[in-house]
Amino acid sequence: MSINSIVENNLCTGCGVCISEDKSHQAKMVWNNEGFLVPSLGQNSTQDKMIKVCPFALQQKNEDELGLMFLQQPENQYHDKIGYYYELYAGYSKEFRETSSSGGIATYIFKTLLENKLVDNLFIVKEVDGRYAYQFFSNVKEITQISKTRYTPVTLEMLFQEISEIDGTVAVSGVACFVKAIRLKQIYNPELKEKIKFVVGIICGGLKSKYYTDYLAQEAGCKSEYSHAQYRVKNKQSYALDYKFSCEEKLNKKIHMVEMRSLGDMWGTGLFKSNACDFCDDVLTELADISLGDAWIDPYDKSGLGNSIIITRTKTAQTLIKNGLNQKNLTLDKIAEEKILLSQGGSFNHRHKGMLYRIIKANKSMQIAPKKRDKHLEKQGIFFNFVQNSRLKTRQKSLDIWVENGNNIAFKAEMKPYLDNLKFLTLLNHRLIKLKKIIFKRMS
């Protein structure tokens, strides 16, 4: 298997870690036609080295194997779907909640790491000239600049190209596939275990194409070049899902906004999503030091200011959270494993239950599919598989149609039959599930 085959089979999420393994130094990250960052290789690129750190390589170590190597401790716990952990929480940071997309826990963690000299630098996504990219950062006084969710492609390419020139240690944030790539890199370069001291995992519902932001900007009323995209403009007086997208039109500096509720389900439908995300079975960033995500569970989802779920996986992470509680910087509740699973129920339902169908379909189409953990490969009923097939079509069509016309009005018109079909099949499947439960209850 090669990096080229990963890219050709749409299994690249643009982490960019492979670039640092190209001994010819010819590879670089570029935009593909679907609006994702992928590696472009040179004639002499050393693909045999590069593929070793690819999180979607066919014979790669899985999250269970890597978890044993990086996280297992006598005092922590293990759950089949959560991974290794110390404690589970839900809540928020008192200082950073209002300026963050969710509960502000990530910003609190980064600030505390810098203030306590646990790391010397952060490698995180921040705004640069109105756009977003990974940057090295060490100014704790400007920490609120990083406290927003970004639904746009970014890459770790620069991390391993420049880390040897950076003085001191580094903390990194990333989604599950990025975290896995970092761990793989640390296996082959053990000195990086000390250099990268802490990894924050951002629980992700799927990576979006850059065209997703273009679509939102047009829906908000911005028809020309824009900047300063904000994906989670909160409504403090409402509930967690009631938020807006905003951007600034460069021509006249006007702020445009749109209520995300008015655009329908942008996540359950898979619109503008990377194909590779359909072959990821790590819902909760199992390989990070700490995992953070939105608390989409009662009662935490009732607050428009937002709450986070927190999974501490290492002693350092657990100490940071306990100190925050003792110093009353954090407002958190300990929650049960069932609550954590429920908070990401839709993602578990799609990624785990639908994985086997997607692998079989890929193989029948003569496409490469990565090897996934057997425990997450479950046979499902025919109607559930109909939903999966419809969602695959909807995801791909959203990219094809946008690339063809790039206009939000035309996009919605052309996508309507695919979205209607997906909605119909989803409702039908839900009703059949309810009917089966009723029949089973009457028979028992």
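Note that the structure is a prediction, hence the values are computed from the model and not measured.

Cut-offs and rules
- Within each chain, residues carry numbers counting from 1 in the order of the written sequence.
- With the structure being a predicted model, the display of local features is reserved for residues of pLDDT at least 70 and the display and counting of side-chain atom pairs for 80 or more, all residues being used for whole-chain, interface and lining totals.
- Based on all heavy atoms of the structure, the side-chain values leave hydrogens and waters out of the count.
- By this definition, two strands are paired if DSSP reports at least two bridges between them.
- Secondary structure is summarised from DSSP: a helix means a run of H or I of at least four residues, a strand means a run of E of at least two, and numbering begins at the N terminus for each.
- To define axes, lines are fitted to C-alpha atoms, for helices over the stretch in contact only, and angles between the resulting N-to-C directions are given on a 0 to 180 degree scale.
- Each residue after the first adds 1.5 Å to the expected span of a helix.
- Bend at a residue means the angle formed by two fitted axes: the first through the 7 residues ending at that position, the second through the 7 residues beginning there.
- Relative accessible area decides the class of each residue, using a 1.4 Å probe on protein chains only: under 20% of the type maximum gives buried, over 50% gives exposed, and in between gives partly exposed.
- Contacts are residue-level and defined by heavy atoms, with any inter-residue pair within 4.5 Å sufficient.
- For this analysis, a polar contact is any N or O atom pair within 3.5 Å, provided that within protein one partner can donate a hydrogen and the other can accept it, and provided that sequence-adjacent residues contribute only side-chain to side-chain pairs.
- Each C-beta atom gives one direction from the helix axis, and the arc is the one those directions make.

1. A few points about the sheet that holds strand β12 (residues 255–259)
Within a sheet, adjacent strands bond to each other through the backbone by hydrogen bonds, running parallel or antiparallel.
Step number 1: A sheet is described by the order of its strands in space; here 3 strands give the open sequence β10-β11-β12, paired in antiparallel fashion. With one partner strand each, in any of the chains shown, β10 (226–234) and β12 form the two edges of the open sheet. Looking at each pair of strands side by side, their axes are set apart by 20° on average, direction ignored.
Step number 2: By the bridge criterion, 5 bridges tie strand β11 (residues 243–249) to β12 in an arrangement that is antiparallel. In the sheet register, cysteine 247 faces β12, and the bridge partner there is histidine 256.

2. Concerning helix α14 (residues 408–443)
Step number 1: Over its 36 residues, α14 extends 50 Å from the first C-alpha to the last, a length consistent with the 52 Å expected when each residue adds 1.5 Å.
Step number 2: The principal kink in α14, of about 45°, is found at lysine 416, preceding the proline proline 417 by one to four residues.
Step number 3: Turning to α14, its buried residues number three or more, namely Asn408, Phe411, Met415, Leu422, Leu425 and Asn429.
Step number 4: Residues of α14 that are buried sit in contact with α8 (210–219) and α13 (382–405).
Step number 5: Among the residues of α14, the N-terminal cap falls to asparagine 407, whose side-chain oxygen and the backbone nitrogen of isoleucine 409 are separated by 3.0 Å.

3. So, the side chain of aspartate 294
Step number 1: Summarising the element assignment, aspartate 294 is placed in strand β13 (residues 290–294).
Step number 2: For aspartate 294, a relative accessible area of 18% translates into the label buried.
Step number 3: Those residues in contact with aspartate 294 that sit more than four places away from it in its chain are Ser102, Arg232, Asn307, Ile309, Ser343 and Gln344.

4. Concerning helix α3 (residues 63–70)
Step number 1: Where α3 is concerned, the buried positions are Glu63, Leu66, Gly67 and Phe70. An end-on view of α3 places all buried positions within 105° of arc, on one side of the element.
Step number 2: Where α3 is buried, its residues contact β4 (83–85), α6 (176–188) and α7 (192–195).
Step number 3: A distance of 3.0 Å separates the backbone nitrogen of aspartate 64 from a side-chain oxygen at the start of α3, and that oxygen is part of asparagine 62.

5. What to know about the environment of glutamine 230
Step number 1: Counting through the fold element by element, glutamine 230 comes out in strand β10.
Step number 2: With 21 residues separating them in the primary sequence, glutamine 230 and serine 209 have C-alpha atoms 16 Å apart.
Step number 3: Not counting chain neighbours up to four residues away, the residues in contact with glutamine 230 comprise Glu127, Tyr132, Lys148, Arg150, Lys244, Phe245 and Ser246.
Step number 4: Of note is the side chain of glutamine 230, whose polar atom sits 3.5 Å from the side chain of tyrosine 132.

None of this, on its own, says anything about what the molecule does.
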